[in-house]
Amino acid sequence: MSAGLRGVGTGTEADTRGHDEDALGMSAPEQGREVHGAPDAVGVSEAALRRGMQLVVAGGSLAVAVLVPFLLPRYWTFVLLAAVTTMIVGLSIVVLTGFVGQISLCQATFMGVGAYASARLTGDAHLPFLIALPLAGLAAVPVGLLAGVPALRLKGLYLAIATLGFGAAVQATLFSSKTLTGGFSGVALERPTVFGISFASDLRYYFLTLVVLLLLMAFAANVKRGRSGRAFAAIRDGEVAAAASGISLARYKLTAFGLSAFIAGVGGSLFGHAMLSVNTSSFDIFHSITFVTVAIIAGVGSVGAAVFTGLMVNILPKALDRVLPGNLLLVIFSAGMLVQLAVAPDGIAGQMRRQQDAVLSWILRRRRVSGRD
Amino acid sequence: MTSLILGLATGSIYALMALGVVIVYKATGVLNFAHGAMGMMAAFLFSSLTLRNLPVGLALLVALLFSAGLGVAVAFALRPLRRAPRLTRAIFMLGMLALLQNLAVSIWGPKVRMVPSLFPSGGLRIFGFVLGYDQMGIMLVAAGLVIALSAFFRLTKLGVGIRAVSSDQDAAALQGINVTRITIVTWILGSVLAGVAGIMISSPAADIFSLTLLVIQAFAAALLGRLTSLPATLVGGLVLGVLTTVPASFDALRPHAQTIPPVVSFLLIVGILMFRSDSSLISRAGEA
Amino acid sequence: MSNRSGRLGLRDKVFLGALALALLVNLWMVDSLRDEVAKLRKAQGTGPVTEALAEPSAQVTEDSAAAPAGEAASSADRTSLPVAQPPGGSQAGVSKAAIKIGTVVTQTGLVDMSPIVRGLSAWVQHVNAEGGVNGRRIELVVEDDGTDTSRGSAAIRKLVENDKVFALVGECAPLSDVQNIEYLKQKGVPVIGSCILPTDQFKTNRYQFALRPSPDTEGRITGKYAAKDMGAKKPAVIVLDQQLMVEMGNGTVAQWKAMGVKDYVVETVAATNPNFTPTVVRLRSQGVDNVTLLLDSASTIRFLQAAAQQGWKPPMLSISSYDEEVNRYAGEQAEGTVVPGFTEYLVTNGPQQRQFRADMQRFYPQGGVRLELATGGYHPAQVFTDVLGKLGDDVTRERFINGMESLTNYDDGWEPPYTLRSGNHETARAAKFAVVKEGRVVPITGQWYYL
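Described below are features of the structure shown in this document. (Residues numbered from 1 in each chain as written. Chains lettered and ligands numbered in written order. Predicted model: local features only at pLDDT ≥ 70, side-chain atom pairs only at ≥ 80, totals over all residues. Heavy atoms only, no water.)

Re the overall build of chain B
Along chain B, the regular secondary structure elements total eleven helices and four strands. A buried classification covers 57% of the 288 residues belonging to chain B. Of all intrachain contacts in chain B linking residues separated by at least 6 positions in sequence, the fraction that spans at least 24 positions is 73%. Approximately 10,900 Å² of chain B is accessible, and the part contributed by carbon and sulfur atoms is 67%. (Helix = DSSP H or I, 4+ residues; strand = E, 2+ residues; numbered from the N terminus. Buried < 20%, exposed > 50% of the residue type's maximum accessible area, 1.4 Å probe, protein only. Contact = heavy atoms within 4.5 Å. Areas by Shrake-Rupley, 256 points an atom, 1.4 Å probe, with all protein chains shown as cover.)

Okay, here's the thing in structure tokens:
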């Protein structure tokens, strides 16, 4: 697994120093950092060191993710797998908001389309899960493109309002329609069987969702490093400049929305199979708002930041609910989120990166002081 | 005809909610997603006080003072983010929305609260139905506030200061206007307006979510008013109210009456935003 | 990066292909769903598929003398239905000394159903004080979902997999429950007395015993009363857009259709609708002469006040009008509103009700518990321990389910005698109607009104 997965690949960001702030006021990560890897006398460049750190963080996180269901009481497994589906949605937000700087307050809508599609594909059409899952993601793409149309003219806050309205409209019409989606009764889904192995148990399903998450993260990181990724970053950092250099804004913005919808649709499908039944209230605007709010607080600068979204939405409240009485918990949680946002507008992941940088500087300083001169 | 008048009444509700949003947005650039929730808290407090047999006038005063305090608190909470782009601050208000809702549940519980009306009960019989005094009251208050606020902004020093800050913060600062103070005053104003709207709209029964959801319609109304002009906001609200009420009177659409407001609002929002040539709304490089 | 040249590169082709595929899937979804629904509609006329078991002639009569509780017909001898053993074993939650039951009830967050927990607990304590069921104590584990579906799902899993409860009793987490039905079915956990259960589950889910008529039936009974007993010529039903209410509303309309009522009005409202005046004006202008409100308390109040303002007071039925706050705030307008009730109100005073009051007094002497809600925990708990008692020493989930499904003409003191069978877990299709008089809810007749 490459280091670019959990942290931020240092390659592309180094080029984008000193540009305007994007829609969220976040500079690209590592802005201002000297990452041209000139090796020092000891032979290890800063870039390599940074990459090493990211590998350690990534590897550590993966180890934790694999081991934790065995360390916690069994009923936690369900919370964990719900968290992973949230992380996938968080990833979709990273792709749209972090990569391209577009804001969307209707991710739950994309999730819903994916979930309903998956229910029908595995139910009516009896398609095997491995085929139904990507198709479900694809089904959400046209919806994403539709939601993305306003992005061609709007930015920032206005785009947020437009997508919010889109989500509300879809929920009021399509999701509530009994003929189309089963309305309030919703639809039923089953845990999948892949290659003859049943994933009905929470533990196995957890690992299945984890694998999908990792695949999607790899995919996203790949996109970021590729041509599209550079175009995305250019658009995020300055649309006029990007357009002037020949990048088609419409094409890439719509692609981003489509991509984000795909990921969210896959997340929605996994969510649906996890819950065994979904209905219209699973995908309302309050969910969309929660996802985006938490994702921004968690940070959307890197692919790895998606992990925090899941942690904050699913795991943290559950972990705390034994400690604090129910309502008070929610109050403190909301207040905490606000404080977090005020303190670190670029999100928890950004905070972590800055801490990583601090550690890095400390290591380098020590080396320079002790080793060479 | 009936639905036209009812539409105007509904529209006044939208407009009343939108006024506070527009004022705050103009001066601070923050779109207050929590506007409805702030109004809800004032309404809940008002309800509690009247339940304790406080006279309505006194309860109203206390509730509005509370709203003012809430506005100050929000203004201070936003200070660390004052350099952040609008979207981040709007997201902050989303978080504030969650906080206020959870706070309300913690303090008062989730049940619906009774909110006495500020207006006499009963109404005027016109065109074969009764237009309640409370609905007329909302229409009058909305219109009255627009006039009063417009006068305030034009004639008083504070009002002019807010306008100055709205159009150009830095220039205003250079003119010696204390921007921080103006910001706080603006938030107080917006919050009190939210409280007034919340109390009037919530009667007879207030619950935690409906005002928040109403805010989406209010956004649409505000956008119709180009997010800048109060009279236009009023007109926008009225138009939106009519657009959402009149179609429901046609037989074919009646069963779908409930889906109309969100859909119409959304189409309106997108339509306005997309097809206006007003450059302030078009995406610009680096523009948040 | 940009394809200025106008030719489609490979990537573009892939993208367009994917998009085409996506659109195909969307279209297929819409189509296939239509087919599904059409099939379902056709199939609705046929009754449930029942197991080939001897059906005792269950003639439920109008006059129910207070028969001694429980006449479970030879449940011990019935052979189990051929069903795979659910994981966790059929004997989960059963030990020599105790039987563990659980429930998830929303107590914090947006809804407060904690009186149900009190009622449940009161009966459990009563039973334990008398030695338990066949020598086994009942242990109750209560979880709260905090109006959060993922907490609710986690709580259910905790109860089933961690605490290994035998059954869920008095389940009431309105937001989470619907999602958990499938899980509980797969795990084979019996659920006795849940406050929300979609209509189809009454027929298809052998583990759910909601101890009430289905929402569809409740709607039908209400519709029948409006059309027949209140003589409505052009009735209207206002339905809240939530599952339970929508199913009820559908039942009401179906009943009207079946009774030949040609002219009726249906309106659905959102929970957050603040303004009912347009609705009232519309209804009135259409000449509606009877209004059924299937709404929550807040919307009911708003509707009543809007109608009062318009000076319109048609005959009304309202399911939320058992709530005294509603009647207090609606004042004069609420007078005469008919309230359908599907289990015994406390306005009656039969032996079970007296015992209920005594138990609540005994275990919650400080009072302050909403009794009409607490029956929602007490009543299912009573039925549970009663059927449990008949199983003797050998307590398994299968035998328990068989026991429930062989209840015949069973009078639990809260509902008219009912018969439960595989494929039909609906209790008696009857209601008792009450009316709002001077702000209080008083019964209209003492009799059960049957569909």
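Some words on the overall build of chain A
In terms of regular secondary structure, chain A is built from 15 helices and four strands. Residues counted as buried form 63% of the 373 residues belonging to chain A. Within chain A, counting contacts between residues at least 6 apart in sequence, those at least 24 apart form 76% of the total. Taken as a whole, chain A presents about 12,900 Å² of accessible surface, with 66% of it coming from carbon and sulfur.

What about the sheet that holds strand β3 (residues 167-169) of chain C?
Residue and element names in this part refer to chain C. Strand order in this open sheet of five strands is β2-β1-β3-β4-β5, and the pairing throughout is parallel. Looking at the sheet topology across the chains shown, the edges are occupied by β2 (137-143) and β5 (208-209). Of the pairings in the sheet, the one linking strand β1 (residues 98-104) to β2 comprises seven bridges and is parallel in character. Bridging across to β2, K100 finds its partner in E139. Across the sheet, helix α2 (residues 114-129) lies against β1, β2 and β3, angled at about 165 degrees from β2, the strand it touches most. Lying on the sheet, helix α12 (residues 371-390) is in contact with β1, β2, β3 and β4 (191-192); it crosses β3 at an angle near 145 degrees. (Pairing = 2+ DSSP bridges. Axes fitted to C-alpha atoms, helices over the stretch in contact; angles between N-to-C directions.)

Let's talk about helix α6 (residues 157-167) of chain B
All names here are of chain B. Of all the residues in α6, the buried ones are G159, G161, I162 and V165. End-on view of α6: buried residues confined to an arc of 160 degrees, all on one side of the axis. More than 90 degrees from the buried face of α6, the exposed residues found are K157 and S167. Elements that come into contact with the buried residues of α6 comprise α1 (2-28), α5 (133-155), α7 (169-174) and α8 (179-202). (Arc of directions from axis to C-beta.)

Some thoughts on the pairing of strand β6 (residues 235-240) of chain C
Residue and element names in this part refer to chain C. Extensive coverage of β6 is indicated by the burial of six of its six residues. Side chains of β6 alternate between two faces, with P235, V237 and V239 and A236, I238 and L240 buried alike. Bridge count for β6 against strand β7 (residues 265-269) is five bridges, and the pairing is parallel. Bridge pairing links I238 to E267 in β7.

Details of empty space enclosed by the protein
With the rule as written, the count across this model stands at eleven cavities of 30 Å³ or more. Looking at the second largest cavity, its volume works out to about 80 Å³. Taken together, L164(A), I285(A), F286(A), I289(A), F33(B), L94(B), L97(B), T212(B), L213(B), V215(B), I216(B) and F219(B) form the lining of the second largest cavity. For the lining of the second largest cavity, the secondary structure elements donating two or more residues are α12 (285-298) of chain A together with α4 (86-108) and α9 (210-224) of chain B. Across the lining of the second largest cavity, the residue classes tally to eleven nonpolar, one polar and no charged. (1 Å grid on protein atoms, 1.4 Å probe; cavity = no way out; pocket = protein on both sides within 12 Å on 5 of 7 lines; lining within 4 Å. Points joined across faces, edges and corners; volume = space filled by probe spheres on them. Nonpolar A, V, L, I, M, F, W, Y, C, P; charged D, E, K, R; others polar.)

Some words on the pattern of salt bridges
All names here are of chain C. A complete count under the given rule lists 16 salt bridges over all chains for this structure. For K187, the salt bridge is made with E161, and the minimal N-O distance between the two is 3.9 Å. Of this pair, K187 sits in helix α4 (residues 174-187) while E161 sits in helix α3 (residues 149-162), placing them 26 residues apart in sequence. Across this residue pair, the class does not change: K187 and E161 are buried. Residues K234 and D263 are paired through a salt bridge, measuring 4.0 Å at the closest nitrogen-oxygen approach. Here D263 lies in the loop between α7 (243-258) and β7 and K234 lies in the loop between α6 (215-229) and β6, a separation of 29 residues in the sequence. (Salt bridge = Lys/Arg side-chain N within 4 Å of Asp/Glu carboxyl O.)

Brief notes about the nonpolar core
Of all hydrophobic cores here, the largest spans 211 residues; its most connected members are F283(A), L31(B), F33(B), F92(B), M93(B), M96(B) and W187(B). With 18 residues, the single largest contributor to this core is helix α3 (residues 76-100) of chain A. Setting aside anything within four residues of it in sequence, one finds M96(B) in contact with L338(A), A34(B), V74(B) and A77(B). Ranked by size, the runner-up nonpolar core spans 48 residues in total, among them A236(C), V261(C), V280(C) and V288(C). (Core = buried A, V, L, I, M, F, W, Y, C linked by side-chain atoms within 4.5 Å.)

Notes on the environment of V30(C)
Residues and elements named next belong to chain C. Within the fold, V30 resides in helix α1 (residues 10-43). According to the relative accessible area criterion, V30 is partly exposed, its value standing at 29%. Along the chain, V30 and I221 lie 191 residues apart, while their C-alpha atoms are 34 Å from each other.

Re the packing of aromatic side chains
According to the stated counting rule, one finds 20 aromatic pairs over all chains in the structure shown. Pairing Y116(A) with F283(A) gives two aromatic rings, centres 5.9 Å apart and planes at 70 degrees, and the pair type is edge-to-face. Here Y116(A), found in helix α4 (residues 107-123), pairs with F283(A), found in the loop between β4 (277-278) and α12; they are 167 residues apart in sequence, far enough to count as distant. For the residue pair Y116(A) and F283(A), the accessibility class agrees, reading buried in each case. A ring pair is formed by F276(C) and F303(C), whose centres lie 5.8 Å apart and whose planes are at 75 degrees; its orientation type is edge-to-face. (Phe/Tyr/Trp six-rings, centres within 6.5 Å; stacked < 30°, edge-to-face > 60°.)

Observations concerning the side chain of S269(A)
Mapped onto the fold, S269(A) is located in helix α11 (residues 249-275). For S269(A), the residues in contact, after removing those within four places along its chain, are M111(A), G114(A), A115(A), S118(A), L133(A), A136(A) and Y205(A).

Structural notes on the packing of α6(B) against α8(B)
When two helices pack together, their arrangement is captured by the angle between the axes and the distance separating the axes. Residue and element names in this part refer to chain B. Interaxial distance between α6 and α8 falls to 10 Å at its minimum, and their mutual angle equals 105 degrees. Between α6 and α8, the interaxial angle falls into the category roughly perpendicular. Here L158, G161, I162 and V165 of α6 come into contact with α8, specifically with V179, I182, V185 and T186. For the contact of α6 with α8, a count of residues per class yields six nonpolar, two polar and no charged. (Parallel < 35°, antiparallel > 145°, perpendicular 65-115°, else oblique.)

Re unusual backbone geometry
Of note, H126(A) is a non-glycine position whose phi angle comes to about 50 degrees, a positive value. By relative accessible area, H126(A) is classed as exposed at 63%. Residues other than glycine seldom take positive phi values, yet N134(C) does so here, at roughly 50 degrees. Inspection of the secondary structure assignment puts N134(C) in the loop between α2 and β2. In this structure N134(C) comes out as partly exposed when scored by relative accessible area, which is 40%.

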